[in-house]
Amino acid sequence: MRVDACDEAGSRAGWRGRESALLAALLLLVVTAPALAFDGSTNGPPAKISPKSYVSAEQALRAGLDDLNAGNAASCVDALTYAAAGGQPVARWKLGEMYADGVGVARDDVKAYYYFNQLVEDYDEDALDPRNRGAVASAFVAVGVYSLTGIPNSDIRPDPERARELFQYAASTFGDPDAEYNLAHMYMVGAGGLAKDKLVAIRWLMLASGKGHRPSQALLGHLLFTGDGVLPQRARGLMWLTIANNRAEGPKDDWIRDLYRQDLAAASFPDREMATAMLDERAKGPPLPSVISRTVVQTLQILRPLGVPVVAAAPPPPQPPPAQ
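Cut-offs applied
Residues numbered from 1 in each chain as written. Predicted model: local features only at pLDDT ≥ 70, side-chain atom pairs only at ≥ 80, totals over all residues. Heavy atoms only, no water. Helix = DSSP H or I, 4+ residues; strand = E, 2+ residues; numbered from the N terminus. Buried < 20%, exposed > 50% of the residue type's maximum accessible area, 1.4 Å probe, protein only. Contact = heavy atoms within 4.5 Å. Areas by Shrake-Rupley, 256 points an atom, 1.4 Å probe, with all protein chains shown as cover. Polar contact = N/O pair within 3.5 Å; in protein donor to acceptor, adjacent residues only side chain to side chain. Core = buried A, V, L, I, M, F, W, Y, C linked by side-chain atoms within 4.5 Å. Phe/Tyr/Trp six-rings, centres within 6.5 Å; stacked < 30°, edge-to-face > 60°. Lys NZ or Arg CZ within 6 Å of the ring centre and 35° of its normal. Expected span 1.5 Å × (residues − 1). Axes fitted to C-alpha atoms, helices over the stretch in contact; angles between N-to-C directions. Left-handed = near helix turned anticlockwise from the far one by under 90°. Nonpolar A, V, L, I, M, F, W, Y, C, P; charged D, E, K, R; others polar. Salt bridge = Lys/Arg side-chain N within 4 Å of Asp/Glu carboxyl O. Parallel < 35°, antiparallel > 145°, perpendicular 65-115°, else oblique.

Draft legend 1. Main features of the overall build of the chain. When you go through the chain residue by residue, the secondary structure sums to 13 helices and two strands. Sorting the 324 residues of the chain into buried and exposed places 52% on the buried side. Contacts in the chain between residues at least 24 apart in sequence constitute 66% of all its contacts with a sequence separation of at least 6. Accessible surface for the chain amounts to roughly 14400 Å². Of this, 52% is attributable to carbon and sulfur atoms.

Draft legend 2. Highlighting the side chain of Asp109. Along the chain, the position of Asp109 falls in helix 5 (residues 109-121). A polar contact is formed between the side chain of Asp109 and the side chain of Tyr146, at a distance of 2.7 Å.

Draft legend 3. Just the environment of Val77, in detail. Here Val77 is to be found in helix 3 (residues 77-85). Exposure remark for Val77: the relative accessible area of 11% places this residue in the buried category.

Draft legend 4. Summary view of the nonpolar core. In terms of nonpolar packing, the biggest core is built from 74 residues, with Phe116 and Phe140 touching the most fellow members. In terms of residue count, the dominant contributor to this core is helix 6 (residues 133-149) (10 residues).

Draft legend 5. Inspection of the packing of aromatic side chains at higher detail. Tallying each qualifying case throughout the model produces nine aromatic pairs. Taken together, a centroid distance of 5.9 Å and an interplanar angle of 55 degrees make the contact between Phe140 and Phe174 tilted. You can see Phe140 sitting in helix 6 and its partner Phe174 sitting in helix 7 (residues 160-174), a full 34 residues away along the chain. A relative accessible area of 12% means that Phe174 is categorised as buried. Every member of this aromatic cluster is reached through a ring pair, and the members are Tyr123, Phe140, Tyr169 and Phe174. Positioned above the aromatic ring of Trp93 is the side chain of Lys94, whose terminal nitrogen or guanidinium carbon lies 5.1 Å from the ring centre.

Draft legend 6. Highlighting helix 11 (residues 234-246). Across its 13 residues, helix 11 extends 18 Å between first and last C-alpha, which sits within 8% of the 18 Å expected from 1.5 Å per residue. Restricting attention to buried positions, one finds in helix 11 the residues Ala235, Gly237, Leu238, Met239, Trp240, Leu241, Thr242, Ile243, Ala244 and Asn245. Where the residues of helix 11 are buried, they touch helix 9 (198-210), helix 10 (214-226), helix 12 (254-266) and helix 13 (269-283).

Draft legend 7. Local environment of helix 9. Taking 1.5 Å as the rise per residue, helix 9 with 13 residues should run 18 Å; its terminal C-alpha atoms sit 18 Å apart, in good agreement. The set of residues buried in helix 9 consists of Val200, Ala201, Ile202, Trp204, Leu205, Ala208 and Ser209. In this structure, the buried side of helix 9 is in contact with helix 7, helix 8 (177-189), helix 10 and helix 11. Once helix 9 finishes, Gly212 follows within two positions and takes phi at roughly 85 degrees, a positive value.

Draft legend 8. Local environment of unusual backbone geometry. Unlike most non-glycine residues, Asn153 shows phi in positive territory, near 60 degrees. By the element assignment, Asn153 lies in the loop between helix 6 and helix 7.

Draft legend 9. How the structure looks around the environment of Tyr123. On the secondary structure map, Tyr123 appears in the loop between helix 5 and helix 6. C-alpha of Tyr123 to C-alpha of Pro89: the two residues are 34 residues apart in sequence and 9.3 Å apart in space. In this structure Tyr123 touches Leu128, Val136, Phe140, Tyr169, Thr173 and Phe174, once residues within four positions along its chain are discounted.

Draft legend 10. Focus on the packing of helix 8 against helix 10. For the pair helix 8 and helix 10, interaxial distance at closest approach is 10 Å and the crossing angle is 35 degrees. Where helix 8 crosses over helix 10, the two elements pack in a sense that is left-handed. In contact with Tyr181, His185 and Met188 of helix 8, helix 10 contributes Pro215, Ser216, Leu219 and Leu223. Of the residues belonging to the contact of helix 8 with helix 10, the class tally is five nonpolar, two polar and no charged.

Draft legend 11. Layout of the pattern of salt bridges. The final tally for this structure, using the stated rule, is 13 salt bridges. Arg92 serves as the salt-bridge partner of Asp122, at 2.7 Å between the closest nitrogen and oxygen. Taken together, the residues span a long stretch of sequence, with Asp122 in the loop between helix 5 and helix 6 and Arg92 in helix 4 (residues 89-101) at a distance of 30 residues. Taking the relative accessible area as the measure of exposure, Arg92 reaches 9% and is therefore buried.

Draft legend 12. Representation of the packing of helix 5 against helix 6. Two numbers describe how helix 5 lies on helix 6: the axes approach to 8 Å, and their chain directions differ by 130 degrees. Relative to helix 6, the element helix 5 is oriented oblique. Considering only the axes of helix 5 and helix 6, their crossing is left-handed. Facing Asp109, Ala112, Tyr113, Phe116, Asn117, Leu119 and Val120 of helix 5, the residues of helix 6 in contact are Ala135, Ala139, Phe140, Ala142, Val143 and Tyr146. Of the residues in the contact of helix 5 with helix 6, the class split is 11 nonpolar, one polar and one charged.

The structure is reproduced here in structure tokens:
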């Protein structure tokens, strides 16, 4: 997303107008796991494949992951499809990723939704293998985003209430920072049956920020700095903005850099000094955990006119099951 930075020499009235426009754009940010294409493909669920030489879904999963780790994305599809049909959660998650991003296959959101939704529908909290926890959490967020926006030219219609339920569950049960961030936005705008509550939104942003989630750190910093929904904490807000800005990666995080420059320009010298002291104090403690960010970052079709990015984060790479 490109956010126009505040002109340091602008008037206070101009600053307020630009700030309102900026926050309106920020409220449309959606974080997905993985990045979702939303190109409206409607090819439907994938066709079943023949067993070939696989003796089990577990063996097919190992073969597919081996091909994928070797850089042979296209050649792993048959093995992963067989493993997914056999109920392997990691295979379903990887295929959902591949179809959402168009990696090794033609991009197809309906197929991506199909695989992610299988994970959501088959989830059993009493029988969850800890190795599959990240994949399942990621699927909850992905289906939540699809539910929030729908898929053009398909039967998958916008369902904000289901999106809210999925984000709420992934945030509360798995502590997923993408879900926490998206849930915070829904509280900020009052979507999915939620009443507007910026204080609750800030609490979710604080949880995600503590896990190193850059978008949450940037937005939390801005809200604290401006006192939107909470008493102004300008130095603390500038601290979070600085953390997010220092960890920004590539063009997809330009909006974070712009937001940081905007609020830094409005900060007083004491604000900056106190923020620096807070950063120094924080540096003495344990480092913030990092979030594994994928390099493929795509833009939701519905948000393209506003230039808003989709920031992708993925769980740690899955481990293949032990050899039988």
